[in-house]
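Spelled out, the chains give:
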Amino acid sequence: MATIKVKDKDFEISIDASAIDAAVQKMAVEINRDYEGRNPLFLAILNGSFVFAADLIRKITIPCQISFVKLSSYSGTASTENIKELIGLNEDIKGRHLIIVEDIVDTGLTLDKFLQDLKKFEPASVKLACFTFKKEAFKKSFRIDYLGITIPNDFVVGYGLDYDGYGRNLPDIYKIVSS
Ligand code: 5GP
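No experiment lies behind these values; they were computed from the predicted model shown. (Residues numbered from 1 in each chain as written. Predicted model: local features only at pLDDT ≥ 70, side-chain atom pairs only at ≥ 80, totals over all residues. Heavy atoms only, no water.)

### Let's talk about the site of the ligand
Around the ligand, the surrounding shell holds 14 residues, and the nearest of these are T107, T110, K134, V156 and D162. Between an oxygen atom of the ligand and a main-chain N or O atom of G108, the distance comes to 2.7 Å. One nitrogen or oxygen atom from the main chain of V156 is found 2.7 Å from a nitrogen atom belonging to the ligand. Expressed as a share of its isolated accessible area of 500 Å², the protein-covered part of the ligand is 80%. Listing elements by their share of the shell around the ligand, those giving two or more residues are β6 (97–105) and α3 (109–119). The element best represented in the shell around the ligand is β6, accounting for three residues. Here the residues of the shell around the ligand sort into six nonpolar, three polar and five charged. (Near = heavy atom within 4 Å. Polar contact = N/O pair within 3.5 Å; in protein donor to acceptor, adjacent residues only side chain to side chain. Areas by Shrake-Rupley, 256 points an atom, 1.4 Å probe, with all protein chains shown as cover. Helix = DSSP H or I, 4+ residues; strand = E, 2+ residues; numbered from the N terminus. Nonpolar A, V, L, I, M, F, W, Y, C, P; charged D, E, K, R; others polar.)

Pasting the structure below:
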């Protein structure tokens, strides 16, 4: 199989753009059906989800809004674990029906913390739309309400996902070629 180089590593195709489009379309159909009359607010988590969010939102046919947040990394003083803190939430989300838009769930640690943080803003409801899910790596128990594609536990790039900042522009998703 043909490989591509991203920075200094080789990758091979895993999910092509047409399969991505079909999966996004399926998610949008479900969301359009479930959120009719509920004026949802999509909250996309930057950076990785910007491509998926742009595709998903253009397939949403009901009235909705979208906003973007970021999770900044910092090292907690009492723990060696990398804790990520929510920044950039400018919207008033109290009483809103939120749909979190995420590109990938791996261990789930990042989103788990994010979901806890969101609770204090008292949204009416929170659901998750995740494009890719590494089921074998998942360590948490939250539910992914709208899921694009379950993938093996390989490092992937493309469709917004990066390797050291590179590869986000690729329209397909590629997995690393193990050496
Ligand atoms: P978590 O393990 O907390 O679910 O995932 C943390 C973050 O690691 C994700 O939001 C994503 O930014 C990054 N990540 C996890 N797996 C991959 C991967 O295969 N490729 C890329 N590019 N990023 C990943």
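And the narrative resumes.
### Some points on the pairing of β6
Across the nine residues that make up β6, a large majority, eight, are buried. In this sheet, β6 lies alongside strand β3 (residues 41–46) in parallel orientation, the contact comprising four bridges. Within β6, the residue paired with F42 across the bridge is I99. Looking at chain direction, β6 and strand β7 (residues 125–133) are connected through eight bridges and run parallel. Bridge pairing links V101 to A129 in β7. (Buried < 20%, exposed > 50% of the residue type's maximum accessible area, 1.4 Å probe, protein only. Pairing = 2+ DSSP bridges.)

### Remarks on the side chain of S125
With respect to the helices and strands, S125 occurs in strand β7. Take S125: its relative accessible area is 18%, and that puts it in the buried class. Those residues in contact with S125 that lie beyond four places of it in its chain are R38, R96, H97 and L98. (Contact = heavy atoms within 4.5 Å.)

### Topic: the pattern of salt bridges
In the structure shown here, the tally under the stated rule is 13 salt bridges. When the shortest N-O distance is used, the salt bridge between K26 and E30 registers 3.4 Å. Of this pair, K26 and E30 both sit in helix α1 (residues 17–34), four residues apart, which is roughly one turn of that helix. Here K26 falls in the exposed class, since its relative accessible area comes to 53%. Measuring nitrogen to oxygen at the nearest pair gives 3.7 Å for the salt bridge that ties D112 to K140. Here D112 is found in helix α3, whereas its partner K140 is found in the loop between β7 and β8 (146–150), with 28 residues between them in sequence. (Salt bridge = Lys/Arg side-chain N within 4 Å of Asp/Glu carboxyl O.)

### Quick notes on the sheet that holds strand β2 (residues 9–15)
Sheet architecture is open: four strands sit in the order β1-β2-β10-β9, paired in antiparallel fashion. Lying at the two open borders of the sheet, with one neighbouring strand each, are β1 (3–6) and β9 (156–157). Sheet topology places β1 next to β2; four bridges connect them, and they run antiparallel. Bridge pairing links V6 to K9 in β2.

### Things to note about the packing of aromatic side chains
All chains considered together, the criterion is met by seven aromatic pairs. Between F11 and F155 the ring centres are 6.4 Å apart and the planes differ by 50 degrees, which places this aromatic pair in the tilted class. In this pair, F11 sits in strand β2 while F155 sits in the loop between β8 and β9, placing the two residues 144 residues apart along the sequence. Residue class for F11 comes out buried when judged on its relative accessible area of 0%. Considering the side-chain rings of F131 and Y159, the 5.3 Å spacing of their centres and the 55 degrees angle between planes classify their relative orientation as tilted. (Phe/Tyr/Trp six-rings, centres within 6.5 Å; stacked < 30°, edge-to-face > 60°.)

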